[in-house]
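# Descriptive analysis of the structure
Below, each chain spelled out in residue letters.
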Amino acid sequence: MMCIAKKCGIRFQPPAVILIYENEIKGKSRQRIIDCTRAAEQLKNNPRHKSYLEQVSLKQLEKLFVFLQGYLRGQSLAETMEQIRRETTIDPEEDLNKLDDKELAKRKSIMDELFEKNQMKKDDPNFVYDIEVEFPQNEQLLSCGWDTESADEF
């Protein structure tokens, strides 16, 4: 059965993921309630739910589980949202060289996701093929130490 995911959300009591999907053959909109006692990855790969959740990203399911976990710990929705914001944004002042491999992979994944989100594709309505930008010439140019040496010194 081919399904097109339309909306995905959560229910707090009892914890569940709610998926609204459309049956591609019949064209009917349906709702599926999926118990959340399993981890996001197990849920997505579960044969019973796989056809329904294949169009829902694993990142979205993980984020929904964080909401449920926060609720079960007694956190408010605002506290959980702040926690998710801290975990999914990158501090530009952070030294990524000091992170372990797991944390670095997480940061790279966030950067890749942000790049994909902001990337202009040929199919986008605001896509312009050959953009030319004129930079102001009357402002004083800042020089760097690495570009002040002459070629003769090498």
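Quick summary incoming for the structure in this document. (Residues numbered from 1 in each chain as written. Predicted model: local features only at pLDDT ≥ 70, side-chain atom pairs only at ≥ 80, totals over all residues. Heavy atoms only, no water.)

## Considerations on the overall build of the chain
Applicable threshold: What counts as a helix is a DSSP run of H or I of at least four residues, what counts as a strand is a run of E of at least two, and both are numbered from the N terminus. Each residue's exposure class comes from its accessible area (1.4 Å probe, protein chains only) as a fraction of the maximum for that residue type: buried when under 20%, exposed when over 50%, partly exposed otherwise. Contacts are assigned to residue pairs that have any heavy atoms within 4.5 Å of one another. The Shrake-Rupley method, run with a 1.4 Å probe sphere, supplies the accessible areas, and residue values consider only the shown protein chains as cover.
Of regular secondary structure, the chain possesses five helices and three strands. Reading the secondary structure of the chain in the N-to-C direction produces β-β-β-α-α-α-α-α. Looking at the 154 residues of the chain, the share that counts as buried comes to 20%. Sequence separation of at least 24 residues holds for 27% of the intrachain contacts in the chain that already meet a minimum separation of 6. Only carbon and sulfur atoms are counted for the fraction: they give 51% of the accessible area of the chain, which is about 12,700 Å².

## Regarding a nonpolar patch on the surface
Rule in force here: Patches in this entry comprise residues that are over 30% relatively accessible and not in a salt bridge; like charges within 9 Å are linked, as are nonpolar side chains (Val, Leu, Ile, Met, Phe, Trp, Tyr) within 5 Å. Here a salt bridge means any side-chain nitrogen of Lys or Arg lying within 4 Å of a carboxyl oxygen belonging to Asp or Glu.
Side chains of Val128, Ile131, Val133 and Phe135 sit close together on the surface and give an oily, nonpolar patch of about 440 Å² of accessible area. Relative to the helices and strands, Ile131 resides in the segment after α5 (101-118). According to the relative accessible area criterion, Ile131 is exposed, its value standing at 60%.

## With respect to the pattern of salt bridges
Pairing between side chains becomes possible if they bear opposite charge and their charged atoms approach one another. Throughout the structure, instances matching the rule amount to four salt bridges. Among the salt bridges present, the one from Arg85 reaches Glu82, with a minimum N-O distance of 2.6 Å. Of this pair, Arg85 and Glu82 both sit in helix α4 (residues 77-88), three residues apart, which is roughly one turn of the helix. A salt bridge links Glu82 to Arg86; its shortest N-O distance comes to 3.9 Å. Of this pair, Glu82 and Arg86 both sit in helix α4, four residues apart, which is roughly one turn of that helix. Taken together, the salt bridges that share partners define one network made up of Glu82, Arg85 and Arg86.

## Brief notes about the nonpolar core
Operational definition: We call a set of buried Ala, Val, Leu, Ile, Met, Phe, Trp, Tyr and Cys residues a nonpolar core when their side-chain atoms join them within 4.5 Å.
In this structure, Cys8, Val17, Leu19, Leu43, Leu53, Val56 and Leu61 are the most contacted members of the largest nonpolar core, which totals 15 residues. Listing elements by their share of this core, those giving two or more residues are β1 (3-11), β2 (16-23), α1 (40-45), α2 (50-53) and α3 (58-72). Setting aside chain neighbours within four positions, we find Val56 in contact with Ala5, Cys8, Leu19, Lys44 and Leu61.

## A closer look at the sheet that holds strand β3 (residues 29-35)
For clarity, the threshold we go by: Only when DSSP finds a minimum of two bridges between them are two strands counted as paired. Note on definitions: angles span 0 to 180 degrees between N-to-C directions of axes, and those axes are lines fitted to C-alpha atoms, for helices only across the stretch in contact.
Strand order in the open sheet formed by three strands is β1-β2-β3, and the pairing between neighbours is antiparallel. Both edges of this open sheet fall to β1 and β3, since each of them pairs with a single strand only. If you compare each strand with its neighbour and ignore which way they point, the axes differ by 25° on average. Strand direction decides the pairing type here: β1 and β2, joined by eight bridges, are antiparallel. What sits directly across from Arg11, in β2, is Ala16. Running at roughly 20° to β1, α3 makes contact with β1 and β2 of the sheet.

## A closer look at the packing of α3 against α4
Our working rule: Here is the rule for angles: anything less than 35 degrees is roughly parallel, anything more than 145 is roughly antiparallel, 65 through 115 is roughly perpendicular, and the remaining ranges are oblique. Each crossing gets its hand from how the near helix is turned against the far one by less than a right angle, where anticlockwise is left-handed and clockwise is right-handed.
At their nearest, the axes of α3 and α4 sit 9 Å apart, and the two run at 140° to each other. In terms of orientation, α3 lies oblique with respect to α4. Of the two elements, α3 crosses α4, and the hand of that crossing is right-handed. Along its contact with α3, which presents Lys63, Val66, Phe67 and Gly70, the element α4 presents Leu77, Thr80, Met81, Gln83 and Ile84.

## Describing the pairing of β3
Looking at chain direction, β2 and β3 are connected through seven bridges and run antiparallel. Bridge pairing links Glu22 to Ser29 in β3. Between β2 and β3, which pair antiparallel in sequence order, lie five residues; one of them, Gly27, sits at a positive phi of approximately 75°.

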